[in-house]
Amino acid sequence: MTDSKYFTTTKKGEIFELKAELNSDKKEKKKEAVKKVIASMTVGKDVSALFPDVVNCMQTDNLELKKLVYLYLMNYAKSQPDMAIMAVNTFVKDCEDPNPLIRALAVRTMGCIRVDKITEYLCEPLRKCLKDEDPYVRKTAAVCVAKLHDINAQLVEDQGFLDTLKDLISDSNPMVVANAVAALSEIAESHPSSNLLDLNPQSINKLLTALNECTEWGQIFILDCLANYTPKDDREAQSICERVTPRLSHANSAVVLSAVKVLMKFMEMLSKDLDYYGTLLKKLAPPLVTLLSAEPELQYVALRNINLIVQKRPEILKHEMKVFFVKYNDPIYVKLEKLDIMIRLASQANIAQVLAELKEYATEVDVDFVRKAVRAIGRCAIKVEQSAERCVSTLLDLIQTKVNYVVQEAIVVIKDIFRKYPNKYESVIATLCENLDSLDEPEARAAMIWIVGEYAERIDNADELLEGFLEGFHDESTQVQLQLLTAIVKLFLKKPTETQELVQQVLSLATQDSDNPDLRDRGYIYWRLLSTDPVAAKEVVLAEKPLISEETDLIEPTLLDELICYIGTLASVYHKPPSAFVEGGRGVVHKSLPPRTASSESTESPETAPAGAPPGEQPDVIPAQGDLLGDLLNLDLGPPVSSPPLATTSVQMGAVDLLGGGLDSLIGGPNFVAPPAATVPASLGAPIGGGLSDLFDLTSGVGTLSGSYVAPKAVWLPAMKAKGLEILGTFTRQVGSISMDLQLTNKALQVMTDFAIQFNRNSFGLAPAAPLQVHAPLSPNQTVEISLPLNTVGSVMKMEPLNNLQVAVKNNIDVFYFSTLYPLHILFVEDGKMDRQMFLATWKDIPNENEAQFQIRDCPLNAEAVSSKLQSSNIFTIAKRNVEGQDMLYQSLKLTNGIWVLAELRIQPGNPSFTLSLKCRAPEVSQHVYQAYETILKN
């Protein structure tokens, strides 16, 4: 008879019967009763009333009965903590049982009982089990430490369990090593700042030895741990790679992906000239191909990871194109992912094969798949120039099928082909115009309007075609309206006599009858351009357009490097860093690939955290272009707020760039005259370049005023991420003026000019108070130091973390993005000294839950030194008194946005640890104010 019989009973008054059976003298009857209790508990009945009776059954040698009782105990201990204490003696006794299975069972159950009262009783048994002679008990105890740490971290640290765990990494049994690594990794994740897994070549060697013998999950823990290690040189990286490579042939796909992650990370340190580098590339392909023979769900995960690998190192799979060809029975999500990878791997060598496949796909029945296939043909044309002609003729064949959605997708991609190869394939325009009436999707209509406007001089009836669209102008989507406006203005500039009425009609529709600010602004710009200077209008609207790039949907390099460090995890499936989807972001550390040792290129050293960043904590990387690019580029990168107001426009991202030259015209292209910098009398102490900053020579550090503490310059933008432009920087506050001190170095082979800077919206409205002035072109290997004055009148948006600043820097090569953390003390204002009575009243008025306490350790200063050091950074001491031998300093500071922070600093003479209590109406500021205190006092 199976155990299912226990789940079929629905008797009433059952609890009373069970109680009697549990107290029976017969062992078999007891066991039956406990099974019935567990069955009732499993189906959701409340059997907590039987707690004392079930706990009495713990005193048994029968392992099965013991397991059942422990299961019951784990479930009800939380709701009956007082009763659960009764079981403590049995745990302690079981931890000394001669049978290792019972010892392990006891320690495992102890870890699962999340009751504070019990945890302290469990320390002694756990300590014994961690040093048990049986490896099964030791490996179970290792995991128990991680569980206990989650309940009471302080207790685990005080009892010295973390050191014991570190010792277990050197254990002779591989399973114990794997569990110790897993436990330490789990604890380290919740405490990113603690350096628990202090890896060195010796401990790495032990992990690699254990790797060959432990179970598959043990191997995954060890491989993930290895991925967090940075070898000291390329030789060590190679030796680790050699010992990890055999894992690629493992049957478990998770082990394979973890091994791929380690190899991808360490390959970064190997020189491409090494024979071993080529061998490694060849070894990586077969395991990835094997993953594609699994079931569809696993295939999808593998494909998402392969997509990242192909973007980072396309050479790994360049000969494996055929495995990505779509099978008829693949689910749609696998098909779309395979298509994506096919385009990434397309090259001159395999393009004929790829196009034949894509043409086949375009005749399938699945609409989404067909659309993507048609788009893929266009992307191949843009990527492989030699195939462009063949791609265009394939697209024309597809247009002839007259299938509506195929025609619309084909028109969208042909527009991109025209932008990539101007004046080459315009002969197909006639065919496109025949299909005008069938277009009903905004993207296809916008693409067709762009083609008509761009090539108006070649289309005899262009005005009629555009007039047809104009009839339902207000029913069109914004994308089509913007495109139509630009196309008709282009048409007017090419054929002014015939289209005057048309252009007036569209300008009036866009400016007077529209509620859309983007459309209105663009309409007004065109209107003013056409009415004041038609020649300038022609130069702007009909300017030569930049060719579009081959791969428009590549992941931004810094994000890609971070995602490579997360291969085999959810981040690699979402293609987003964990901080984007892990709620609260607790314990999420930004990872990056190790710097190349063999390369001569300057790289950012891992030790240099940005100014104001606590060590080990990097600011958020700027997100992918989708969400932020529009934000940064919609802001005018020209002169700052303080200059005379200029007519500005918000450029609709994704629409045709109406200003032709892109950012150049906003920032100063060839014909751009910069407005004169606003002159301010020196007596006002305005932060003007060449004004006060030169007088006191703030950048050189000689004769600096005694201002607030200035952190040393850190690398904010490494050359490898900015096409050769390296930016180091720090923040200063002098005489009430905030500056960003920058050091720009050109490590490229070409001259850099036309510099401009823009900040994204941030928590305190920091913004440049003057343009970024690099007076002479920056030649290769030249460095220039600049002090950029800042103000706090920019747009405000709460950032995470609060002091995160996202910056765009533009030069003649490109626009680059980086983010840094600014130290909060640059925002402490000079009039932050509060009146005593006011201080007392405010302290009482702010609710107690807004008070935060911090410890400042290793600071051997006395009260006077502390007070004067803080005063130089605008933290003012209002009162000082001595209570029972302790110096108490009462201090106040005020931020630029008017927030007051009140502080009480307790200093015990002779003790280098201070206690800081902060009160503020905006408690989220407190953590950053505490960091400012630490930074100022320790430097």
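Please read these numbers as outputs of a predicted model, since none were measured by experiment.

**Student:** Can you lay out the overall build of the protein chain for me, pointing to particular residues and giving the numbers?
**Tutor:** Broken down by element type, the protein chain carries 39 helices and 13 strands. Per-residue burial over the protein chain gives 51% buried out of 939 residues. When contacts within the protein chain are restricted to residue pairs at least 6 apart in sequence, long-range pairs at least 24 apart make up 67% of them. Summed over its atoms, the accessible surface of the protein chain is roughly 43200 Å², and 51% of this surface lies on carbon and sulfur atoms.

**Student:** Tell me about the pattern of salt bridges, residues and numbers included.
**Tutor:** Evaluation of the coordinates by the stated rule reveals 35 salt bridges. The salt bridge involving Glu-476 is made with Arg-445; its shortest N-O contact spans 2.6 Å. Taken together, the residues span a long stretch of sequence, with Glu-476 in the loop between α27 (462-470) and α28 (478-494) and Arg-445 in helix α26 (residues 442-454) at a distance of 31 residues. Here Lys-723 makes a salt bridge to Asp-814, at a shortest N to O gap of 2.8 Å.

**Student:** Summarise the packing of aromatic side chains; cite the residues concerned and give the values.
**Tutor:** Scanning the entire structure with this criterion turns up 13 aromatic pairs. Consider the rings of Trp-450 and Tyr-455, whose centres lie 6.4 Å apart with planes at 85°: the pair is edge-to-face. Relative accessible area serves as the criterion here: at 3%, Trp-450 is assigned to the buried category. Residue Tyr-455 is classed as buried on the basis of its relative accessible area of 5%. An aromatic cluster is present here, built from Trp-716, Phe-731, Phe-764, Phe-818 and Tyr-822 joined pairwise through their rings. In this structure, Lys-335 is placed above the aromatic ring of Phe-369, and the distance from its NZ or CZ to the ring centre is 5.1 Å.

**Student:** Quick one: what's the story with a negative patch on the surface, residue by residue and with numbers?
**Tutor:** On the surface, a cluster of negative charge is contributed by Glu-464, Glu-467, Glu-471 and Glu-501. When you line up the elements, Glu-467 lands in helix α27. Judged by its relative accessible area of 41%, Glu-467 falls in the partly exposed class.

**Student:** Residues and numbers for the packing of helix α12 (residues 161-168) against helix α13 (residues 174-190), please.
**Tutor:** For the pair α12 and α13, the least separation of the axes is 8 Å and the interaxial angle reads 140°. Relative to α13, the element α12 is oriented oblique. In the crossing of α12 with α13, the sense of the turn from one axis to the other is left-handed. Of α13, the residues touching α12 (which contributes Leu-162, Leu-165, Lys-166 and Leu-168) are Val-176, Val-177, Ala-180, Ala-183, Leu-184 and Ile-187.

**Student:** Talk me through the environment of Gly-910; I want residue IDs and the actual numbers.
**Tutor:** Its place among the elements puts Gly-910 in the loop between β12 (900-907) and β13 (914-920). Of the residues examined, Gly-910 reaches a relative accessible area of 85% and is grouped as exposed. In sequence terms Gly-910 and Leu-861 are 49 residues apart; their C-alpha atoms lie 8.8 Å from each other.

**Student:** Could you give an account of the sheet that holds strand β8 (residues 815-821), naming the residues involved and the relevant values?
**Tutor:** As summarised here, the arrangement of the 3 strands in space is β4-β7-β8, forming an open sheet in which the pairing is antiparallel. In this open sheet, the two edge strands, each paired with only one partner strand, are β4 (756-759) and β8. Across this sheet, the average inter-strand angle for adjacent strands is 25°, counted without regard to direction. The sheet contact formed by β4 and strand β7 (residues 804-810) spans 4 bridges and is antiparallel. Bridge assignment links Ile-757 to a residue of β7, and that residue is Val-809.

**Student:** Provide a residue-level description of the nonpolar core, including the pertinent values.
**Tutor:** In this structure, Tyr-72, Leu-126, Val-244 and Phe-418 are the most contacted members of the largest nonpolar core, which totals 215 residues. Contact partners of Tyr-72, with chain neighbours within four places excluded, come to Val-37, Ile-38, Met-41, Val-47, Ser-48, Leu-50, Phe-51 and Val-54. Judged by nonpolar contacts, the second largest core, of 64 residues, contains Leu-790, Leu-805, Leu-827 and Leu-937.

**Student:** Which residues make up unusual backbone geometry, and what values do they have?
**Tutor:** With an omega dihedral of -5°, the bond running from Glu-800 to Pro-801 counts as a cis peptide bond. Topologically, Pro-801 is positioned in the loop between β6 (783-791) and β7. The phi dihedral of His-575 is positive, around 60°, even though this residue is not glycine. Of note, His-575 is situated in the loop between α33 (570-574) and α34 (625-634).

**Student:** Could you give me a rundown of the sheet that holds strand β1 (residues 714-717), with the residues and numbers involved?
**Tutor:** Read across the sheet, 5 strands follow the order β1-β2-β3-β6-β5 without closing on themselves; strand pairing throughout is antiparallel. Each of the sheet's edge strands pairs with one partner strand only, and the pair in question is β1 and β5 (767-768). Across 2 bridges, the pairing between β5 and β6 is antiparallel. Bridged to Pro-768 within β6 is Leu-790.

**Student:** For the side chain of Lys-31, give the residues involved together with the corresponding values.
**Tutor:** Within the fold, Lys-31 resides in helix α2 (residues 27-42). In terms of polar contacts, Lys-31 uses its side chain to reach the side chain of Glu-64, at 3.0 Å. Setting aside its immediate chain neighbours within four residues, Lys-31 contacts Asn-62, Glu-64 and Leu-65.

**Student:** Quick one: what's the story with the packing of helix α22 (residues 367-383) against helix α24 (residues 404-420), residue by residue and with numbers?
**Tutor:** As a packed pair, α22 and α24 sit with axes 9 Å apart at the nearest point and diverge in direction by 15°. The orientation of α22 with respect to α24, classified from their angle, is roughly parallel. With respect to the hand of their crossing, α22 and α24 are arranged in right-handed fashion. The segment α22 lies against α24, with Val-367, Val-370, Arg-371, Val-374, Arg-375, Gly-378, Ala-381 and Ile-382 engaging Tyr-405, Val-406, Glu-409, Ala-410, Val-412, Val-413, Asp-416, Ile-417 and Lys-420.

**Student:** I'd like a description of helix α29 (residues 500-511), backed by residues and values.
**Tutor:** The terminal C-alpha atoms of α29 lie 17 Å apart, and with 12 residues this matches the ideal 16 Å at 1.5 Å per residue to within 8%. Within the sequence span of α29, burial applies to Leu-502, Val-503, Val-506, Leu-507, Leu-509, Ala-510 and Thr-511. Residues of α29 that are buried make contact with α27, α28 and α30 (517-532).

**Student:** Tell me about the pairing of strand β3 (residues 737-746), and name the residues and values.
**Tutor:** Counting buried residues in β3 gives 10 out of 10 residues, a clear majority hidden from the surface. On β3, burial covers both faces: Ser-737, Ser-739, Asp-741, Gln-743 and Thr-745 on one face and Ile-738, Met-740, Leu-742, Leu-744 and Asn-746 on the other are all buried. Both strand β2 (residues 725-734) and β3 contribute to a ladder of 10 bridges, which runs antiparallel. Bridge pairing in β3 places Gln-734 opposite Ser-737. Relative to β6, β3 runs antiparallel, the two sharing 8 bridges. When the sheet's bridge partners are listed, Met-740 is paired in β6 with Leu-788.

**Student:** Pulling in residues and values, what's your account of α26?
**Tutor:** The terminal C-alpha atoms of α26 lie 18 Å apart, and with 13 residues this matches the ideal 18 Å at 1.5 Å per residue to within 8%. Counting buried positions over the 13 residues of α26 gives 11, a clear majority of the element. Along α26, the residues classified as buried are Ala-444, Arg-445, Ala-446, Ala-447, Met-448, Ile-449, Trp-450, Ile-451, Val-452, Gly-453 and Glu-454. Residues of α26 that are buried in the fold lie against α24, α25 (429-434), α27 and α28.

**Student:** Which residues make up the pairing of β2, and what values go with them?
**Tutor:** For β2, the tally of buried residues reaches 10 of 10 residues, placing the bulk of the element in the interior. Of the two faces of β2, both are covered, the one formed by Leu-725, Ile-727, Gly-729, Phe-731 and Arg-733 as well as the one formed by Glu-726, Leu-728, Thr-730, Thr-732 and Gln-734. Sheet analysis places β1 next to β2, joined by 3 bridges and oriented antiparallel. Within the sheet, the bridge partner assigned to Ala-714 lies in β2 and is Gly-729. In sequence, β2 turns back onto β3 through a hairpin of 2 residues, with Val-735 there showing a positive phi of about 45°.

**Student:** Could you give me a rundown of the side chain of Glu-454, with the residues and numbers involved?
**Tutor:** Note that Glu-454 resides in helix α26. With relative accessibility at 18%, the residue Glu-454 sits in the buried group. With residues up to four places along the chain from it excluded, the contact list for Glu-454 reads Lys-490, Lys-494 and Lys-545.

What counts, and where the lines are drawn
Each chain has its residues counted from 1, running along the sequence as written. Reporting of local features is limited, given that this is a predicted model, to residues whose pLDDT is at least 70; pairs of side-chain atoms are given and counted only at 80 or more, and all residues count toward the totals for whole chains, interfaces and linings. In computing side-chain values, all of the structure's heavy atoms are included and hydrogens and water are not. Numbering goes from the N terminus for both helices and strands, where a helix is a DSSP run of H or I of at least four residues and a strand is a run of E of at least two. Exposed residues in this analysis have more than 50% of their type's maximum accessible area, buried residues have under 20%, and partly exposed residues fall in between, with area computed by a 1.4 Å probe over protein chains only. Residues are treated as being in contact if the distance between any of their heavy atoms lies within 4.5 Å. In short, Shrake-Rupley with a 1.4 Å probe defines the accessible areas, and a residue's cover is counted only from the protein chains shown. Any carboxyl oxygen of Asp or Glu within 4 Å of a side-chain nitrogen of Lys or Arg constitutes a salt bridge here. Stacked, tilted and edge-to-face are the three classes assigned to paired rings of Phe, Tyr and Trp, where Trp is represented by its six-membered ring and a pair needs centres within 6.5 Å; plane angles under 30 degrees give stacked, over 60 edge-to-face, the rest tilted. Charge-over-ring contacts are defined here by two conditions on Lys NZ or Arg CZ: a distance within 6 Å of the ring centre and an angle within 35 degrees of the ring normal. Patches here: salt-bridge-free residues with over 30% relative accessible area, like charges joined within 9 Å, nonpolar side chains (Val, Leu, Ile, Met, Phe, Trp, Tyr) joined within 5 Å. Lys and Arg are tallied as positive, Asp and Glu as negative. Neither His nor the chain termini are counted. We put the charge of a Lys on NZ, of an Arg on CZ, of an Asp on CG and of a Glu on CD. Think of each axis as a best-fit line through the C-alpha atoms, taken over the contacting stretch in the case of a helix, with angles from 0 to 180 degrees between the N-to-C directions. Angle categories are assigned with fixed cut-offs, so that under 35 degrees is roughly parallel, over 145 is roughly antiparallel, 65 to 115 is roughly perpendicular, and the rest are oblique. In this scheme, a crossing is called left-handed if the near helix is turned counterclockwise away from the far one by less than a right angle; it is called right-handed if the turn is clockwise. The rule for pairing is simple: two strands pair if DSSP sees at least two bridges between them. Residues enter a nonpolar core if they are buried and are Ala, Val, Leu, Ile, Met, Phe, Trp, Tyr or Cys, with the set joined through side-chain atoms within 4.5 Å. Polar contact is defined as a pair of N or O atoms within 3.5 Å, subject to the rule that within protein one atom must be able to donate a hydrogen and the other to accept it, and that residues adjacent in sequence are counted only when both atoms are side-chain atoms. What a helix is expected to span follows from its residue count: subtract one and scale by 1.5 Å.

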